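Chain by chain, the residues run as shown.
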Amino acid sequence: MITFLVRRLIQFIPTLLGVTLIIFILLNVMPGDAALLSGNPRGGTDPKVIEALREKWGLNDPLPIRYVRFLGNLVKGDLGISFRLDRKVSEVINERLFVTLRLATCGMLFAVIGGVGLGFFSAIHQGSAFDIIAMIGAVTGMSIPNFWLGLMLMYLVGVLLGILPTSGYGGGDLAHLILPAFTLGVRYMALLARMSRSAVLDVVHEDYVNTARSKGLAERVVQFRHIFRNALIPVITIAGLQFGGMLASTVVVETVFSWCGIGSLLVESIFRRDVPVLQGCILIIVVAFLVINLLVDLAYGYLDPRIQYD
Amino acid sequence: MLKHRTLSIVIALAALLSICVISGWADQEQPRYGGTFIMPETYSAHISMDPIRIGSERAEDLQVIFQAFEGLIKLDLPTLKIVPGVASVPDVSGDLLTYTFHLRHGVKFHNGREVIASDFIYSFERLMNPDEAAVPINILENVVGVDAYKAGTVDHISGLKVIDDYTLTITLASIDVDFLYKLAEPGASVVPQEAVESLGRDFGRTPVSCGPFKFESWVGNEITLVAFQDYYGERPYLDKVIYRTMLEPGTRGAAFEAEEIDATRLTSPQYLKYRNDPLYKNYLLEVAELWTRNLYFNTREGPFVDKKVRQAFNYAIDNEMIIDKFLLGMAFPCIGYLPTSLPTYNPELIGYDYDPELAKELLKAAGYENGVSVEIIGDSTSPTWGILYVEAAVPYLEAVGFKVTLVPLESAARHTRRNTGEHDAGMTSTGGAVSPLSYMSRYLSQRSRAEGNFPAYCNPRFDHYLDLAGKETNFEKRMELIRKAEEIFVDDCPIWFANYSKGVMVYQPWVHGLEPVALDLAYQPMAAVWVDETSPRAK
């Protein structure tokens, strides 16, 4: 177990190095000049201002030197200074990361509880009206664009019913979290419902399930201890992968609900070519992916003792 | 008898009710102190509240900065006139080069210290310090000694002098009739040295100046200002103003209907909705903003080098139809370049009416009888000044012989490509200046594309009139010279005159004091805004 963990952590290093190189090259070759955008881009910017900004940000140095400087600072935990905000990137990301993590975690909790629950009961009651309605709902949930769903919920729940605030972070209170988390989670809930349904159906006719039943175990015990637990492994894989994706896809929900998280920071930084912030955000998302995948691998061993790490 | 008594009671009750209603109205018309105003920010997220980091196009930040910062003089936002700020309007020397400012006594920074003349010297030298890489350096570039200061050969700008704590002079290297307009920009605001030095980079997040509102917090996408009790002028009516970034129009619409915000700018579909709304049609604020939406032609290479092709383009399009049907009336048709809100607006100017036959003739005369292919770049999202607006004009253009290729680009890529000139034309929106001279000067031949002369326009006669205007101190004569320059510009048409921006804002019935500010509707003078008791945030 420890060897496995150390081996995986060591594998992070070349992965992260590769990622930093790709991010750096892509962000620096795309068209657009951060210095030009920081003045008055629709004209009227003194060329001397643009030049001063380029010099200040080191944009006049050759790319390899800038990359080495970036890596050197990264090793020291310094992600640089935001072109756009004139603040430390680590500070900016710190402020925003919690907001996005909160949104994504609640969205994922909703997706896992709702999706796995729906999928499990649909499979157990395969062919019933509940199963059919749940699967129609799942297909619909996967098909609805979340910006549209968000706006509709906003009007229905916030304006017509007036029971929840329409938008905003609201200092982090629960009322402001419900609609965005639901909007973010719906698609993943639908996906998990379909995945967990098929995983349960794969397990439900296994020999060990029949054995459990023939031993005279109560049906509820068979369902939860023998079917549900064994069906969880593929579902956890998907949920883990989706959580990383969810972090990256909060962009739309944060914009629609006027939240100030990593997603909106990414969009703002792309439009202003704020390369240090973009590098920092993407790096954080990549690290989140790696860590979550590691946690998923560790969870396999817990759920299925046959899986060995060494 | 009983009938009379009943009638008397009814009349008395009616009178009492009338008095109550009338006094209620009167209360609502009487400005009251207190309450919170929530203003959504619609353009993009805030980046800094430090005015030297902000260009004049960043309305999202400037709308907050206008409330919290002040300089020697300031712009009266509703009238766009220069008015006294921390100092009175200056005495100007006979040679028009030296400006003497007399500061008010007792003006306080938000940190409680009195503002004195040396604070302005510090603020101005900070603005021009090359290490700061400040954006609005054009404000003071014409001051004597700036070049030496920027080169690092001297420690102070020689053209800035403190006479005593309440008097300072600024000496210019040459006459600049727009100098006071420049000095009224937020970039010339006064800041306390001790706050700048102690806060360092965080000054842009927790700024200190001496405006009617002081900074309270910036959390997430919300900036909160509170009334500054020691402001030298009248205390603002509102206790608190919150600027909340809400970029999605649908989100702002829902928040407005749920009464979570007090006003919002509108998009075209929202404008259509609210102007037909029985209640809110009475609570719309409309103004011709100082932005001219236009399509600049590449006058250096390609088919638009020929003036006849540019004129054909202008004649080919029924602009009023596009504004009416596509923008749903949310723009003003263009005649020339200078919009209706500027004192130079010339209603007698001869522009380009819709005339497709004349457009065809002009194309034929230019040698494009069989049509001409043109590539147009533009912003991928904006309907009023982006590629979508040109798309609405394409059927008109194709009808006269233009074969149009549209290239939508996001802003960063578009700005970069625009400066290279490697395309035939590009849709944009230009302006944003209060001074007509400044508004027009971007097209001076010595200006590069990066400096705003996107068509790379060059006409010595145009330059001549603007040069004369730059030296003319008589206001009316100056305006006349600028009008002459505009006539030449319209005749040369290095741009397609698309529309003047119409800013529209809807506000809640409890809101009072909002003004149709032409510079940008977002720049509301919040110190004069108040909310009556029916506001859910009246307390």
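Some remarks on the overall build of chain B
When helices and strands are tallied, chain B shows 16 helices and 19 strands. For chain B, whose C-alpha radius of gyration is 26 Å, the value lies close to the compact-globule estimate of 24 Å for 539 residues. Split into buried and exposed, the 539 residues of chain B put 50% on the buried side. For chain B, the share of sequence-separated contacts (at least 6 apart) that also reach a separation of at least 24 residues comes to 70%.

Observations concerning the overall build of chain A
In terms of regular secondary structure, chain A is built from 13 helices and zero strands. Put simply, chain A runs from its N terminus to its C terminus through helices and strands in the order α-α-α-α-α-α-α-α-α-α-α-α-α. With respect to the three principal axes, the spread of C-alpha positions in chain A is 85 × 55 × 30 Å. With 310 residues in all, chain A has 40% of them scored as buried.

Some thoughts on unusual backbone geometry
Even without a glycine there, the phi angle at Ser258 of chain A is positive, about 55°. Here Ser258 of chain A is to be found in the loop between helix 11 (250-256) and helix 12 (262-271). Overall, Ser258 of chain A belongs to the buried group, with 26 C-beta atoms counted inside 10 Å. Its identity is not glycine, yet Leu328 of chain B carries a phi of approximately 55°, on the positive side.

Some words on the sheet that holds strand 6 (residues 160-164) of chain B
All names here are of chain B. An order of 4-5-7-6 is seen for the four strands of this open sheet, with the pairing classed as antiparallel. Of all strands in the sheet, those with a lone pairing partner are strand 4 (91-92) and strand 6, marking the two edges. Of the strand pairs in this sheet, strand 5 (residues 98-102) and strand 7 (residues 167-171) are connected by five bridges, and their pairing is antiparallel. Its bridge partner lying in strand 7, Tyr99 is registered against Ile170. The strands that helix 3 (residues 117-128) touches are strand 6 and strand 7; relative to strand 6, the one it contacts most, it runs at about 170°.

Describing the packing of helix 12 of chain A against helix 13 (residues 275-303) of chain A
All names here are of chain A. Put simply, helix 12 and helix 13 touch, their axes get as near as 9 Å, and they point 145° apart. Viewed along their axes, helix 12 and helix 13 form a crossing whose handedness is left-handed. Contacts from Ile262, Leu265, Leu266, Ser269 and Ile270 in helix 12 reach Val277, Leu278 and Cys281 in helix 13.

Side note on helix 6 (residues 129-143) of chain A
Quick reminder: α-helices carry 3.6 residues per turn. Residues three or four places apart thus point the same way. Residue and element names in this part refer to chain A. Spanning 15 residues, helix 6 covers 21 Å between terminal C-alpha atoms, matching the ideal 21 Å at 1.5 Å per step. Taken together, the buried positions of helix 6 are occupied by Ala134, Ala138 and Gly141. Viewed along the axis of helix 6, the buried residues span an arc of 65°, placing them on a single side of the element. Exposed and facing more than 90 degrees away from the buried side of helix 6 are Ala129, Ile133, Ile136, Val139, Thr140 and Ser143. Contacts made by the buried residues of helix 6 are with helix 5 (89-124) and helix 8 (174-204).

Re the nonpolar core
Counting 231 residues, the largest nonpolar core has Leu192 of chain A together with Leu238, Leu295, Ala312, Ala316, Met440 and Ala485 of chain B as its most contacted members. For this core, the element with the highest residue contribution is helix 8 of chain A, accounting for 15 residues. Those residues in contact with Leu238 of chain B that sit more than four places away from it in its chain are Gly35, Thr36, Phe37, Ala227, Met526, Val529, Trp530 and Val531 of chain B.

Quick word on the confidence of the model for chain A
Residue-level pLDDT values for chain A average 87, and 97% of them are 70 or greater. Mean pLDDT per element in chain A: helix 2 (residues 34-38) of chain A is the minimum at 80, and helix 7 (residues 146-160) of chain A is the maximum at 94.

So, the confidence of the model for chain B
Residues and elements named next belong to chain B. Of the residues in chain B, 95% have a pLDDT of 70 or more, and the chain-wide mean is 92. Note on residues 20-24: pLDDT is under 50 here. Beyond four places in sequence and across chains, it has zero contacts. Overall fold confidence (pTM) sits at 0.88, and the ipTM for the predicted complex is 0.85.

A few points about the environment of Asn282 of chain B
Tracing the sequence through the fold places Asn282 of chain B in the loop between helix 8 (268-275) and strand 12 (284-297). For the pair Asn282 of chain B and Val107 of chain B, spaced 175 residues apart in sequence, the C-alpha to C-alpha distance is 39 Å.

Examining the pairing of strand 16 (residues 425-431) of chain B
Residues and elements named next belong to chain B. By the criterion of burial, strand 16 is predominantly enclosed, with seven of the seven residues buried. The alternating pattern of strand 16 places Ala425, Met427, Ser429 and Gly431 on one face and Gly426, Thr428 and Thr430 on the opposite face, and all of these are buried. With seven bridges connecting them, strand 12 and strand 16 associate as antiparallel partners. Its bridge partner being in strand 16, Phe297 is matched across the sheet by Ala425. Here strand 14 (residues 372-379) runs beside strand 16; their pairing, made up of two bridges, is parallel. When the sheet's bridge partners are listed, Ile376 is paired in strand 16 with Ala425.

Notes on the interface of chain B and chain A
Accessible area lost during the coming together of the parts is what is often quoted as the interface size. Taken together, the contacts link 44 residues of chain B with 44 residues of chain A. Counting only elements with at least two residues in the side of chain B that touches chain A, the list comes to strand 10 (240-245), helix 7 (249-257), helix 13 (411-420) and strand 16 of chain B. When grouped by side-chain class, the residues that make up the side of chain B that touches chain A number 15 nonpolar, 18 polar and 11 charged.

Here's the deal with the sheet that holds strand 9 (residues 222-227) of chain B
Residues and elements named next belong to chain B. Spatially, the four strands line up as an open sheet ordered 1-10-9-8, and their pairing is mixed. Single-partner strands in this sheet number two, and they are strand 1 (36-41) and strand 8 (213-219). Each neighbouring strand pair of the sheet contributes to a mean axis angle of 20°, computed without reference to strand direction. Note: strand 1 against strand 10, six bridges, orientation parallel. Across the sheet, the residue bridging to Thr36 is Lys240, located in strand 10.

Side note on the environment of Ile261 of chain B
All names here are of chain B. Within the element layout of this structure, Ile261 appears in the loop between helix 7 and strand 11 (263-265). The class for Ile261 is buried, based on 25 C-beta atoms found within 10 Å. Along the primary structure Ile261 and Met39 are separated by 222 residues, whereas in three dimensions their C-alpha atoms are 6.2 Å apart. Filtering out sequence-adjacent residues up to four positions away, Ile261 remains in contact with Ile38, Pro40, Arg252, Ala255 and Phe256.

What about the packing of helix 1 (residues 2-29) of chain A against helix 13 of chain A?
Describing two packed helices takes the angle between their axes plus the distance from one axis to the other. Residue and element names in this part refer to chain A. Direction vectors running N to C along helix 1 and helix 13 enclose 150°, while the axes themselves pass 10 Å from each other. It follows from the interaxial angle that helix 1 and helix 13 lie roughly antiparallel. As helix 1 runs across helix 13, the sense of the crossing is right-handed. Of the residues in helix 13, those in contact with Arg8, Phe12, Thr15, Leu16, Val19, Thr20, Ile23, Phe24, Leu27 and Asn28 of helix 1 are Val275, Leu278, Gln279, Ile282, Leu283, Val286, Leu290 and Leu294. When its residues are assigned to classes, the contact of helix 1 with helix 13 shows 13 nonpolar, four polar and one charged.

Points about the pairing of strand 7 of chain B
All names here are of chain B. Alternating positions in strand 7 separate cleanly, Leu168 and Ile170 being buried on one face and Thr167, Thr169 and Thr171 remaining unburied on the opposite face. Across four bridges, the pairing between strand 6 and strand 7 is antiparallel. Across the sheet, Lys161 pairs through a bridge with Thr169, a residue of strand 7. Taking the residues between adjacent antiparallel strands as the criterion, strand 6 and strand 7 are bridged by two residues.

Regarding the environment of Ile25 of chain A
Position of Ile25 of chain A among the secondary structure elements: in helix 1. In this structure, the C-alpha to C-alpha distance between Ile25 of chain A and Leu63 of chain A, residues 38 residues apart in sequence, is 8.3 Å.

Thresholds applied
Residues numbered from 1 in each chain as written. Chains lettered and ligands numbered in written order. Predicted model: local features only at pLDDT ≥ 70, side-chain atom pairs only at ≥ 80, totals over all residues. Helix = DSSP H or I, 4+ residues; strand = E, 2+ residues; numbered from the N terminus. Rg over C-alpha atoms; globule rule 2.2 N^0.38 Å. Buried ≥ 20, exposed ≤ 12 C-beta atoms within 10 Å, placed from the backbone. Contact = placed C-beta atoms within 7 Å. Pairing = 2+ DSSP bridges. Axes fitted to C-alpha atoms, helices over the stretch in contact; angles between N-to-C directions. Left-handed = near helix turned anticlockwise from the far one by under 90°. Expected span 1.5 Å × (residues − 1). Arc of directions from axis to C-beta. Core = buried A, V, L, I, M, F, W, Y, C linked by C-beta atoms within 7 Å. pLDDT = per-residue confidence, 0-100. Nonpolar A, V, L, I, M, F, W, Y, C, P; charged D, E, K, R; others polar. Parallel < 35°, antiparallel > 145°, perpendicular 65-115°, else oblique.

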